[in-house]
Amino acid sequence: MVKSMKDPLVLCGVIGDGTMVRVVWDSKSSKLLGSLEGKDCFRGTSSSLKVLSPRPVATITDALALQRNKSYFYTVASPLSGVVQIKVKLAGGGGICTRQESIYINEGNTNRDVPLASQSRDPNLESSNIRVDHGVVPSPSDDLPQPVSTSQAPPSLNPSIVEEEQENVSPSANRVASVASPQSVTASQAPPSLNPLSIDEEKQGIELRGNVERAEIESSINDENEVETTSAANKVQFWLNGNKIVVENPSPTLLLIDYLRSPEVGLTGAKKGCGQGGCGACTCILSEYNKETQEPIHRAINSCLRPVCSLDGLVVTTVEGTGGKPKRIPAKIGQSLQHSRAGVRPGVLTPATLKAHEELKQYKNSRGSDNKKSGKTNEDDGGIVRFRQKKGRSLKVNPVARALAENNGSQCGYCSTGFVMNMTGHMQSCPNSTMKDIEDLFDGNICRCTGYRPILTAMKTFASDWGEEEEKNRMKCEVEDDDDPLDPTNFIPTIPFPPEATRSNTPSHLNIQGKSNTTWLTAESLGALSRELKDGNNKNVHLVNGNTSFGMYPEEFTGSIQSTNHTLINIADMATLKHAPKMVNEDGRFEFGAGLTYSNLISYLSKVGSKIDDTNSLGAILYMARRTAGTIVRNAATVGGNTMLVLKHIHEGDPFPSDLFSVLFALNARIIYCSLLDTENTIVETCSDLVERIKKPEDKDLPWRILIKSYEVPIKDDFIMPNKTAMREVNSHSIVNSAIVLPIDKDGHVSEDVKIVFGGIAPYPWCAVECEWNLVGKTLQDALKNFETIATALKQEVTDELKRHAKRMISVPNEGITDEYKANLAIGFLYKALVRAQSNDVSDRLKSAGDTVWGNWPVTNGKQRPMPENSSNKSSEINNDAIRKPYIKISALDQTTGHTRYTHEIQVPKRTLNGAFVQSLHALKSFSLDAGPEFEQKLSHELGFSIYLIDHKDVPAHGKNLQGMGGDQPLFAENVVQYVGQAIALVLADTEHQATHAATFIANNYVKYSEIGGDYKNEWSQPILTVGEARRKNSIYPDFCVHYPFMSHLWKLTRPRSQLDWSYGDDETALIDGVECAIVRSKIKTGRQLHFYMETQAAVAIPLDDNRMKAFPSSQSPAECHQTCVDAIAVESNKVEIEIRQLGGSYGGKTEQSRFIVGPAVVAANKIQRPVRIVMEREADSAMMGQRGGIEGESWIAIDKNGIVHGLRSEIYMDGGSFLDCSFVVTNCIQLRTDNAYFVRNFETQIDVCRTNTQPTTAFRGFGDLQGMLMIETAWDDAITVLNKDADSDSYIDPLEVRMRNLYKRGEVTPFGQTLTYCYMREVLQFAQKVTEYEEKKKDVIEFNRLNRWKKRGIYMLPIKYGSGYNLKMLEQASCMISVYSSDGTIMINQSGVDCGQGLRTKLLQVAAYVLNLPLDYIQIQFPKTSVIPNPTSTGASTGTSFNGEAVRRVCQELRGRILNFGYSLRTEYGEQWCKNNGVDFWNYTNAWRHELQDGQLVWQKLIQHANSERVNLTVASNVKIKGGEEALPVGTFKTPTGQPSLPYYEVLQYDSKPIAYPRNPSAPDKFTGFTYSAACCEVEVDIITGETKILKSSLIYDCGLSINPALDIGQIEGAFMMGVGYVLSEKVVYEDRKDNKNYGSMNTVNTWRYKPPATSTVPINLDVYMFPRSASNISDLPENPNDFLSSKEVGEPPLILSAAVFFAIKDAIRSYRKETSQSELFELNAPATVQEVRRACGNLFSDTTHVAS
Ligand SMILES: Cc1cc2nc3c(=O)[nH]c(=O)nc-3n(C[C@H](O)[C@H](O)[C@H](O)COP(=O)(O)OP(=O)(O)OC[C@H]3O[C@@H](n4cnc5c(N)ncnc54)[C@H](O)[C@@H]3O)c2cc1C
Ligand code: FES
Ligand code: FES
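Computed from a predicted model, the values in this text were never measured in an experiment.

Let's shift gears to the overall build of the chain. When helices and strands are counted, the chain shows 44 helices and 57 strands. Sorting the 1750 residues of the chain into buried and exposed places 67% on the buried side. Of the roughly 59,800 Å² of accessible surface on the chain, a fraction of 49% belongs to carbon and sulfur atoms.

The next point concerns empty space enclosed by the protein. Looking at the largest cavity, its volume works out to about 740 Å³. For the lining of the largest cavity, the elements supplying multiple residues, two or more each, are β20 (541-544), α16 (639-648) and β26 (706-714). With 6 residues, α16 is the single largest residue contributor to the lining of the largest cavity. Split by residue class, the lining of the largest cavity holds 23 nonpolar, 20 polar and 5 charged. Roughly 470 Å³ of internal volume is contained in the second largest cavity. Mapped by element, the contributors of at least two residues to the lining of the second largest cavity are β27 (719-726), β55 (1570-1583) and β56 (1589-1598). The greatest single-element share of the lining of the second largest cavity, amounting to 4 residues, is contributed by β27. A class-by-class count of the residues in the lining of the second largest cavity yields 12 nonpolar, 9 polar and 11 charged.

Enumeration according to the criterion identifies 44 aromatic pairs in this entry. Ring geometry for F787 versus F1742: centroids 4.9 Å apart, planes at 75°, classification edge-to-face. Note that F787 is positioned in helix α21 (residues 787-804) and F1742 in the segment after α44 (1731-1738), a separation of 955 residues in sequence. Given a relative accessible area of 9%, F1742 falls into the buried group. Ring centres of W1350 and Y1713 lie 6.0 Å apart, and the angle between their planes is 35°; on these two criteria the pair is classed as tilted. Of this pair, W1350 sits in the loop between α36 (1334-1347) and β50 (1351-1364) while Y1713 sits in helix α43 (residues 1700-1716), placing them 363 residues apart in sequence. For W1350, a relative accessible area of 0% translates into the label buried. Under the relative-accessibility criterion, Y1713 is labelled buried at 0%.

Turning our attention to the pairing of strand β13 (residues 283-290). In terms of residue burial, β13 counts as a mostly covered element, since 8 of its 8 residues are buried. Two strands pair when backbone bridges link them, and β13 and strand β14 (residues 295-302) are joined in this way by 8 bridges, in the antiparallel orientation. When the sheet's bridge partners are listed, N290 is paired in β14 with E295. Between β13 and β14, which pair antiparallel one after the other, the connecting turn spans 4 residues, and Q294 there sits at a positive phi close to 55°. In this sheet, strand β15 (residues 315-317) lies alongside β13 in antiparallel orientation, the contact comprising 3 bridges.

Turning our attention to the nonpolar core. Y259 and F590 are the most contacted members of the largest nonpolar core, which has 367 residues in total. Every residue in contact with F590, bar those within four places of it in the chain, is listed here: P581, K582, M583, L601, Y604, L605, L618, I621, Y711, E712, V713 and I715. Residues Y1366, I1421, F1443 and V1512 belong to the second largest nonpolar core, which totals 55 residues.

To continue, consider the sheet that holds β26. Taken in spatial order, the 5 strands line up as β22-β23-β26-β24-β25 in an open sheet, and their pairing is antiparallel. If you trace the sheet from one side to the other, it starts and ends with β22 (582-584) and β25 (678-686), each paired once. For this sheet, the mean inter-axis angle between neighbouring strands, taken without regard to orientation, is 25°. Pairing geometry for strand β24 (residues 670-675) and β25, over 6 bridges, is antiparallel. Considered in β25, the bridge of I672 is made with V684. Seen against the sheet, helix α18 (residues 687-695) touches β24 and β25 and runs at an angle of roughly 105° to β25.

Our next topic: the pattern of salt bridges. Evaluation of the coordinates by the stated rule reveals 73 salt bridges. Here K1707 ties to D1278 by a salt bridge, and the two come within 3.3 Å at their closest N and O atoms. Here the residue K1707 occupies a position in helix α43, and D1278 occupies one in helix α33 (residues 1265-1283), the gap between them amounting to 429 residues. For K1707, a relative accessible area of 0% corresponds to the buried category. The class for D1278 is buried, based on a relative accessible area of 4%.

Lining the immediate surroundings of ligand 1 are 37 residues, of which L543, T548, S549, T638 and K648 lie closest. In this structure, an oxygen atom belonging to ligand 1 sits 2.9 Å away from a main-chain N or O atom of N547. Between ligand 1 and the protein, one listed contact pairs an oxygen atom with a side-chain N or O atom of K724 at 3.0 Å. A total of 960 Å² of accessible area belongs to ligand 1 in isolation, and the protein chains cover 99% of it. Cavity membership is defined here by more than half of the atoms lying within 2 Å of grid points; on that basis ligand 1 lies in the largest cavity. Of all the secondary structure elements, the ones that give two or more residues to the shell around ligand 1 are β20, α16 and β26. Among the elements that make up the shell around ligand 1, the one with the highest residue count is α16 (5 residues). When its residues are assigned to classes, the shell around ligand 1 shows 17 nonpolar, 16 polar and 4 charged.

Considering the arrangement of structural elements, one finds S599 in helix α13 (residues 598-608). By relative accessible area, which is 19% here, S599 ends up buried. Residues in contact with S599, not counting those within four places in the same chain, are T631, R634 and N635.

Bringing the state of the cysteines into the picture now. The tally for this structure, following the rule as stated, stands at 0 disulfides. Between C1396, a cysteine without a disulfide, and C449, which holds the nearest cysteine sulfur, the sulfur-to-sulfur distance is 9.0 Å. On the basis of relative accessible area, C1396 is assigned to the buried category, the value being 11%. With no disulfide of its own, C1578 lies 6.6 Å from the sulfur of C1577, the closest cysteine sulfur.

A contiguous patch of negative charge, built from E1333, E1335, E1336 and D1340, is present on the exposed surface. Note on placement: E1336 falls in helix α36. Residue classification places E1336 among the partly exposed residues on the basis of a relative accessible area of 42%.

Once that is clear, we can look at α36. Its 14 residues place the ends of α36 20 Å apart at the C-alpha level, agreeing with the 20 Å of an ideal helix rising 1.5 Å per residue. Buried residues of α36: Y1334, K1338, V1341, F1344 and N1345, and no others. For α36, the arc enclosing every buried residue in end-on projection is 120°, short of the 170-degree limit, so these residues lie on one face. Relative to its buried face, α36 has exposed residues pointing more than 90 degrees away, namely K1339 and R1346. Those residues of α36 that are buried lie in contact with α34 (1295-1302), α35 (1321-1331), β50, β55 and α43.

Next up on the list: the sheet that holds strand β34 (residues 948-950). Taking strand neighbours across the sheet as the criterion, the 7 strands line up as β34-β38-β32-β46-β43-β44-β45 in an open arrangement whose pairing is mixed. The open sheet is flanked by β34 and β45 (1136-1138), the only strands paired with a single partner. Neighbouring strand axes in the sheet, compared pairwise and without regard to direction, differ in orientation by 25° on average. Across the sheet, helix α29 (residues 1118-1129) lies against β44 (1109-1113) and β45, angled at about 150° from β45, the strand it touches most.

Across the interface, helix α41 (residues 1606-1625) lies against α43 with an axial gap of 8 Å and an inter-helix angle of 40°. Judged by the inter-axis angle, α41 sits oblique to α43. Where α41 abuts α43, its residues F1617, V1621, V1624 and L1625 lie against V1702, F1703 and I1706.

On to the confidence of the model for the chain, then. With 80% of its residues at a pLDDT of 70 or more, the chain has an overall mean of 83. For residues 1-9, every residue scores under 50 in pLDDT, and the model assigns this stretch 31 contacts once sequence neighbours within four places are set aside. Note that pLDDT drops below 50 for residues 12-20; the model gives that stretch 35 contacts with residues more than four away or on any other chain.

Another aspect to go through is the environment of S1671. Here S1671 shows up in the loop between β57 (1662-1667) and α42 (1694-1697). Exposure remark for S1671: the relative accessible area of 22% places this residue in the partly exposed category. C-alpha separation for the pair S1671 and L1602, spaced 69 residues apart in sequence, amounts to 8.3 Å.

The geometry of α33 relative to α43 is characterised by a closest axis approach of 10 Å and an angle of 35° between their N-to-C directions. Note that α33 runs across α43; the crossing there is right-handed. Note on element contacts: α43 touches α33 through A1700, F1703, F1704, K1707 and R1711, opposite L1266, L1270, E1273, T1274, D1277, D1278 and T1281. Grouping the amino acids of the contact of α33 with α43 by side-chain chemistry returns 5 nonpolar, 2 polar and 5 charged.

Rules and cut-offs
By convention here, each chain's residues receive numbers from 1 onward along its written sequence. Chains and ligands are labelled sequentially in the order written, the chains with letters from A and the ligands with numbers from 1. Totals for whole chains, interfaces and linings use all residues, but because this is a predicted model, local features are given only for residues with pLDDT of at least 70 and pairs of side-chain atoms are given and counted only at 80 or more. As a rule here, side-chain values come from all non-hydrogen atoms in the structure, and water together with hydrogens is ignored. Where helices and strands are cited, they refer to DSSP runs of H or I of at least four residues and of E of at least two residues respectively, numbered from the N terminus. Relative accessibility decides the category of a residue: with a 1.4 Å probe and only protein chains considered, values under 20% of the type maximum give buried, values over 50% give exposed, and everything between is partly exposed. All accessible areas in this document rest on Shrake-Rupley with a 1.4 Å probe, and a residue is counted as covered only by the protein chains that are shown. Both cavities and pockets are sets of points on a 1 Å grid over the protein atoms alone; in a cavity a 1.4 Å probe fits but cannot get out, in a pocket the set is open with protein on both sides within 12 Å along at least five of seven lines, and lining residues sit with an atom within 4 Å of a point. Grid points are joined across faces, edges and corners, and a volume is the space filled by probe spheres set on the points. Throughout this entry, Asp, Glu, Lys and Arg are counted as charged residues, while Ala, Val, Leu, Ile, Met, Phe, Trp, Tyr, Cys and Pro are counted as nonpolar. The remaining residues, Gly among them, count as polar. Put simply, two rings from Phe, Tyr or Trp (the six-membered ring, in Trp's case) pair if the centres are within 6.5 Å, and we call them stacked under 30 degrees between planes, edge-to-face over 60, tilted for the rest. We treat two strands as partners when DSSP finds at least two bridges between them. Side-chain atoms within 4.5 Å are what join buried Ala, Val, Leu, Ile, Met, Phe, Trp, Tyr and Cys residues into a set we call a nonpolar core. Contacts are assigned to residue pairs with any non-hydrogen atoms lying within 4.5 Å of each other. Geometry is summarised by axes, namely lines fitted to C-alpha atoms with helices restricted to the contacting stretch, and by angles between N-to-C directions that run from 0 to 180 degrees. Any Lys or Arg side-chain nitrogen located within 4 Å of an Asp or Glu carboxyl oxygen qualifies as a salt bridge. We define proximity as follows: a residue is near a molecule or strand when any one of its heavy atoms falls within 4 Å of that partner. Pairs of N or O atoms are called polar contacts if they sit within 3.5 Å, as long as, within protein, a hydrogen donor faces a hydrogen acceptor (for residues adjacent in sequence, only side-chain-to-side-chain pairs). A molecule is counted as occupying a cavity or pocket when more than half of its atoms fall within 2 Å of that pocket's grid points. When the sulfur atoms of two cysteines come within 2.5 Å, that pair is taken as a disulfide. Residues qualify for a patch when their relative accessible area is over 30% and they have no salt bridge, like charges being joined within 9 Å and the nonpolar side chains of Val, Leu, Ile, Met, Phe, Trp and Tyr within 5 Å. When charges are counted, Lys and Arg contribute as positive and Asp and Glu as negative, whereas His and the chain ends are disregarded. Just so you know, the charge point we use is NZ for Lys, CZ for Arg, CG for Asp and CD for Glu. To estimate the expected span of a helix, subtract one from its residue number and multiply by 1.5 Å. Of all possible arcs, the one meant is that of the directions from the helix axis to the C-beta atoms. In these notes the angle categories are as follows: under 35 degrees is roughly parallel, over 145 is roughly antiparallel, 65 to 115 is roughly perpendicular, and the rest is oblique. pLDDT measures the predictor's confidence residue by residue and takes values from 0 up to 100. Each crossing gets its hand from how the near helix is turned against the far one by less than a right angle, where anticlockwise is left-handed and clockwise is right-handed.

Set out below in structure tokens:
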């Protein structure tokens, strides 16, 4: 019973659709608060509420009847106020709840639960909540175990989880830890709100004067908040998806993601993409109850950074907890009665089938009127029925997940749940977000497939300002039979927040002794902290707040392997640190607690509104807070934690370039801190004083001995400008940041208080003191006028400072940033500040230099234009609409709701061991490792758990360790390692963490390296890291080698009768074919690229009886994996079966390279005869697997005055890495595509592959074409520049016009002899020119550049011709098998294409449905299995749909023919009436056998049953030869065996001396099967001062032919384009090239901290995609290549090449600047055009004073 006047009465419950309703009646204040799903739905006093006739106390039935948009009246009986009637109105539309629900009345704080009814669950429901039987179940395995002494027994690995279902647990039983309940504290003593923003400002507005007062107040706050604890608990209690979980004695370092994904918990909705907070795939929602507002607060967090121990008392929701699993109801079953001998009795249906049909009929009738409206007939039913949900019987699918699926926002789906959860969390607190808010939200989520556009569209449909215009432009996927259309505005996903959690005992006082020496303690107050430490626990103390620093400094959390007494103290619940932000003394000072999260800081400052300007103090804080990390990290990251990262790494480790700390430093903010051992005495110091103190060697350990309590920022009116430049716009740490304060005295001079602070120059915020003094006393105008002098001095000062730290920085990983660039950024930031500070006095042209563009770009938009509606199917065979329609991907909803099981998540058999590789730490060294039983035993003792160690010696006799396309790459290194990251051995252990831990331990301690010997003498003894070095040493792969006698390297490609002598001299002009031409020489270097598939490489290998082996690799290449397994363990091919699941992205990275995961897995499984699973950690994957290889290219191009190119010759060197892998295939592809879209009469390309000690070059989307295109288009670009050098407006020829003049014409022949019979490049380019309004846009760009000195825009349009197919005859084939089930006529298609996210299975389904004239949901497309379809061609080279589709078409055609003939034979034999009576007379219906009969079966089903009875073969298998590609290339030069480069390890094969050319070598390339023609027009804006680029607009015109599924194809176009954008813009792969660094040779960009694929902010502001409307009436009739599959064209790879237009638009912008500043317009721009590269290419900036002042 409620006894206290202060106590509120709470009524809460969950209604049928999972919505949480809560009504709070505060009898004291007579205030009423109602909330719906955590959002207020009404507030007020009793007087403002209408009182109606009395009714009994709210009952369950009342709650059950709740319908949205209706008012309900409850009488709440309050012991104090008597009976009060309240009205509840639920806003919005929504469903009726029909199931019984629980309502709890929480009577104040008496801790008494009164369950009015227990929660009843329908056992048939597919609830995604975890349901675990009562009692103790094994907890997930421990993480990172610490070494124990050999005398110690291996510790128990399985702390227990106890899960109790609420209804069966008595209130007292819920209290698992013996701690004082916070509910027993009276309201006046209640701990302050968990939400710092909600604390009453008045109460918090204590002004502090000096240290003494501060200390007093602090201690008074402390006292207030002190929660006396009686004893400490060793179990963590939290709620997971609504269920209470108790984990006993978990490892202190166990992270939530690993807990969730552990086999014991099995919630795999959250993915582990990076494990360091950099990708967002692991996002979950963490909720806690705000006792102040009496509402739960939800925030999306990275589960990969969150320790399980920190969850005590909190509520965790994974994607599984936010909605149900998509389910088809009613099922379209149609089984006929089956005899006991499995035969089917035609026409006799089972009772269950009849019932199902009845149900379906009713459903259809109910939809009848809708269908009439939409013009559909009931006959049309039978498409994809994914979203049919029976109301009231299944949990609703999370609306966000659903919107994402419906908008084609999920390709491989591995990132999807992260996006869904981020949005779901956000919608709770900000239901009225705008499109801009929503776009900003995803700055911490990475998607590698989609290019983000469809994701952003899906999410923006929930925005408050999503309007009709946006809806009109939204490309809609076909979602058939959707009886429950999604109305985003009316849906807020549910986050289960059990009533019990509102009374949680947070914070429990935990003391958890982990294995070995790690301890977790909770310090909920300062008192508790000092007590813990005085108890002797102060050795190696690591305070934990948000723990986001785990992302950068994981060892500081886990403790190093050697560390002892590692103590983690959770301070996240310490009230002192939660000091809410507030302004004191009206703008005089800004205060906030150190435990304030970035998100809460931002939220507070955003509300300050008018007080904020981006050049005042609060604005600067807000700017830098927003630029820190991504939203999900910011939801957990605290300011105090951030500061400490700087302070702790001043002397050692990787210095931390905090953004916010630079601003706090410049603002002279004071830090209020105390010693950990004396928490009562508070010290106040400015940031700079504290830094200065810690810089002193004697105080360097201070950061480990203090606790930051709060901050105090003096707020002045001085101008301040913050700035930051990073490798990527968002979620990327600073290269350099700055905070520049320019106070002006009354005479208009810069005063002595000037502050110029930089982060990223020194290992702490660094003041450019000399520069400050230089400015003092000057007016801003003077400073600008003399900027050249100031800049020169600053450059010197910065350079000196950088040099001072050079020694310290040598041990820090190289990020590829030069001192020059850092100094330039520092100068640039100062310049920007000076311009901005006097923006009224500088000329208009200079002004934009000072503009803050970051965060202010408009919301992205764009059109997706599929083919015109009237696009007909020229090769139409059947009249149905299964193809050409934008069907939703069949797996989309499973992916977005987290129900797809990837290879990572295959439920493995018991006794499966997990594997992790021991990887090389050095490049090019000899090594030894004592693998063997004794060593295993010794290590098992040392580690505390059992391991196996597998290496090359375990490859059985006759097995092959050397594998890969070149047969030169070992599965396990043997004596020599070539590159850092190469696999040496495989450790097997019970858990993933044990395996990873043991592998690292062995790599660090037991692999002995020595200088390489043998053939590697002299110049070969040192690792080679770059193409330049390789060229100098002639480290070139020989073409004929014992390892790969079969490979072909197309060395030179020369157009017959080419005249090329002009290209070998230094002449600037030449007469070619009688025409005077300018000769232009150009160069480019392009970098490498990581695949960065979100699901890293993985494989499971399971030994079976009879010496068989089954493996599940995450691979695009079943045949290659099969081959590797068979070869590795030396068994017959029919003993190995490969099965492939949905991949979480691949992009070519899971073709050849998957061999090196599945091979070792199979070797290991074969040896120990137990299942083995390998799931690569992100860093291990990046370090080991192949990549896109960079090139260095040089070209000579000859152009005449009319813009006709008469000659082009190029020499290219590609980085092949340590092993050959796909290098020759990639270079062959480059060779065959470098002509691009132009006919050049004299043409030659030559290419060699360099051997470097880096990861091998493997298959990668586009197969080298992007690199080749960048090189060749650079030549064109330079030639056009020379052409127009002195041109006036009359003689100027636009680059697009030059290209138009040189385009291939239909019937012309490529340099390699393929006639372009079906070419329509010109038509595509003309279409592009028109729809992009190229000419007008170009004028706008010129005008913008005229008006802006420091911001330049560039625009570029490129045509792209791309040859399709593998050009290798033996690969141009596909097989398929179709089987029909006799009982219900449903179909199984076994095929060999891998679904990597491109939607292959959906397209194949459409093809089969189209050819068979059946509804889509009668057909199942299987994942590939080599036991069914052996020898499949790899799913690559964009051939998936065309090759496998052709095979599907073939078998379907054959089956169709067979069943047709059978049907007609029935008519002949039994007559028309008999056929009618038996329902097999398909010829009588317009939709033939798709017709549905009275009993609900299709005619097809009847026919099949009869066919089976008559022993008609219901299986068809076929192999198809794909047309095209059969003809050999008539030209091409292959190197002769003599004169081959000699390389250690690569013994050249001695053939006779004739050139080896096709047909001698079966691996030599053939002609392409066809070509795609496309174009892109891109516009960018470049900040000349920093080198930052923004893509303003990209229009992509792609020729898909007649698309089979326009939604999926547009998805491929956008996704490929954005992947290319990453390559040309930000994805810089950096190696450690400083010999004195101990990691010399390692790739430093192995993780999300250093490697930057595109983010949401990289998406062009305007992204338009047009499918070239080949059949549109305004396009002249174009020839169709009969080889095009169903008139469609490939789409997976070619659009990637369109991103080259972004690169050249940047070059165009830079050229505009260079031209204006009289620098040469011919300059080298290398890819990626990173911020540093762009800035470098801009050349001199401040050398000309006339340009810098007004
Ligand atoms: C993916 C990612 C991207 C990021 N990007 C940026 C970026 O662009 N710019 C930027 O500036 N930062 C960035 N960060 C860093 C981020 O701001 C910090 O990790 C975060 O602020 C640390 O806060 P926390 O509460 O998680 O600290 P924790 O991780 O809990 O602790 C960090 C350190 O501070 C100590 N500590 C914590 N609180 C206190 C306290 N009150 N007193 C004394 N010691 C304490 C801990 O012992 C630990 O050493 C990024 C982080 C991630 C994961
Ligand atoms: S896995 Fe957590 S952010 Fe990438
Ligand atoms: S769909 Fe986003 S990573 Fe694949």
